[in-house]
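One letter stands for each residue in the lines below.
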Amino acid sequence: RGGATRPDYGRPKVRAYIADNARRWLEEFRFDGLRWDATAFIRNVYGGGDPAHDIPAGWGLMREVTGDTDARQPWKLHIAEDLQSDERLTRPAAVGGAGFDSQWDASFVHPVRAVLAAASDEGRNMADLRDAILHRYGSDPLARVIYTESHDEVANGHRRLPEEITPGEAGSWYARKRSTLGAVLVLTSPGIPMIFQGQEILEDEWFRDKVPIDWSRGTTYGGVLARYRDLIRLRRNLDDTTRGLRGGGVDVHHVDDDANVLGYRRWEAGGPGDDVVVALNVSWR
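Keep in mind it's a predicted model, so treat the numbers as computed, not measured.

Peer 1: Help me understand the packing of aromatic side chains in this model?
Peer 2: Given two aromatic rings, one states the distance between the centres and the angle between the planes to describe the pair. Taken as a whole, this structure holds 7 aromatic pairs when the rule is applied. Geometrically, the ring pair formed by Trp25 and Phe31 is tilted, given 5.1 Å between the ring centres and 45 degrees between the ring planes. Residue class for Trp25 comes out partly exposed when judged on its relative accessible area of 34%. Joined through ring pairs, the aromatic side chains of Trp25, Phe29 and Phe31 make up one cluster.

Here it is, written out as structure tokens:
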């Protein structure tokens, strides 16, 4: 990442190796898409947003691969884990972008976790939640991936969200309430929702690839698991009553910092079976 091990993206053989590798996963192994790790360090020497340190060949490589997929299999996804809130990643190459279909949204996960994990109601800011719900890259609501847990947030000793809420008591009522409110935000806000392994059964262990998930928690916290199932059902509009959750329309119409209550409307075209109103009480009470 510091540059010592960065490939020379300007060499044709290096570019061909990476592009052929991506094509093989998508075409021969029939993957639905690819998540690119640390794209900030492909496009910039220091992984930041200063154009003076951009790597033109890195930008060119990303455009080459995403453009090739768009030409051959346009239904496949390329997702950037860039985490710098840079709209250029999800702009078309023709207008100076990298051509990714979506990117992980740091402007969602960090404020949402901060509000949910705050130790007191005085530490919560409903305007931060409002801004997280409304944030987007360009006009496409699906150009961002939204989540409250990922391998970054809960690895290397970092705590799962329920542990952040009530340290040492991840199964407490407060942890169950507010961590699943996070799931509500993920599955009812505009964007591509993502949940991390074990999140749906209130897993409290930080992520290590040699420590398996404790599947017995699916019984212990069956109510939490059922809530995730219900939320996913609503998001997918399986009962044809919540079509708006699949649309792009959003209006945060109620922001109450005193009561820590937030309300917003989602819609696709509007009307019966489409309009959805979400109300959240994020208070300690």
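Peer 1: Looking at this structure, I do not really get helix 9 (residues 222–235). What am I missing?
Peer 2: Every α-helix winds through 3.6 residues per turn, so residues three or four apart in the chain are directed the same way. In a regular helix each residue adds 1.5 Å, so 14 residues correspond to 20 Å; helix 9 covers 20 Å between its end C-alpha atoms and thus fits that length. Among the residues of helix 9, Val224, Leu225, Tyr228, Leu231 and Arg235 are the ones counted as buried. Here the buried residues of helix 9 occupy an arc of 125 degrees about the axis, which is enough to place them on one side. Exposed positions of helix 9 whose direction lies more than 90 degrees from the buried face are Gly223 and Arg229. Summarising the contacts, the buried residues of helix 9 are in contact with helix 7 (173–188), strand 5 (192–193) and helix 8 (217–220).

Peer 1: Can you walk me through the sheet that holds strand 5 in this structure?
Peer 2: Strands belonging to one sheet form pairs held by backbone hydrogen bonds; the direction of such a pair is parallel or antiparallel. The 5 strands lie next to each other as 1-2-3-4-5, forming an open sheet whose pairing is parallel. Each end of this open sheet is capped by a strand with a single partner; those strands are strand 1 (33–37) and strand 5. Pairing of strand 4 (residues 144–146) with strand 5, which is carried by 2 bridges, proceeds in the parallel orientation. From the neighbouring strand, Val145 faces strand 5, where its bridge partner is Ile192.

Peer 1: Is there a simple way to explain the sheet that holds strand 8 (residues 276–281) in this structure?
Peer 2: Strands sit in the order 6-7-8 across an open sheet of 3 strands; the sheet is antiparallel. Edge positions in the sheet fall to strand 6 (249–256) and strand 8, since each has one partner strand and no second. Recorded for the sheet is a direction-independent mean angle of 15 degrees between the axes of neighbouring strands. Judged from the 7 bridges that link them, strand 6 and strand 7 (residues 261–267) form a sheet pairing that is antiparallel. In the strand pairing of strand 7, Asp251 is matched with Arg265. Against the sheet, helix 5 (residues 126–134) touches strand 6 and strand 7, its axis set at about 180 degrees to strand 6. Packing of helix 7 onto the sheet brings it into contact with strand 7 and strand 8, and relative to strand 8 it is tilted by some 155 degrees.

Definitions and limits used
Residues numbered from 1 in each chain as written. Predicted model: local features only at pLDDT ≥ 70, side-chain atom pairs only at ≥ 80, totals over all residues. Heavy atoms only, no water. Phe/Tyr/Trp six-rings, centres within 6.5 Å; stacked < 30°, edge-to-face > 60°. Buried < 20%, exposed > 50% of the residue type's maximum accessible area, 1.4 Å probe, protein only. Helix = DSSP H or I, 4+ residues; strand = E, 2+ residues; numbered from the N terminus. Expected span 1.5 Å × (residues − 1). Arc of directions from axis to C-beta. Contact = heavy atoms within 4.5 Å. Pairing = 2+ DSSP bridges. Axes fitted to C-alpha atoms, helices over the stretch in contact; angles between N-to-C directions.

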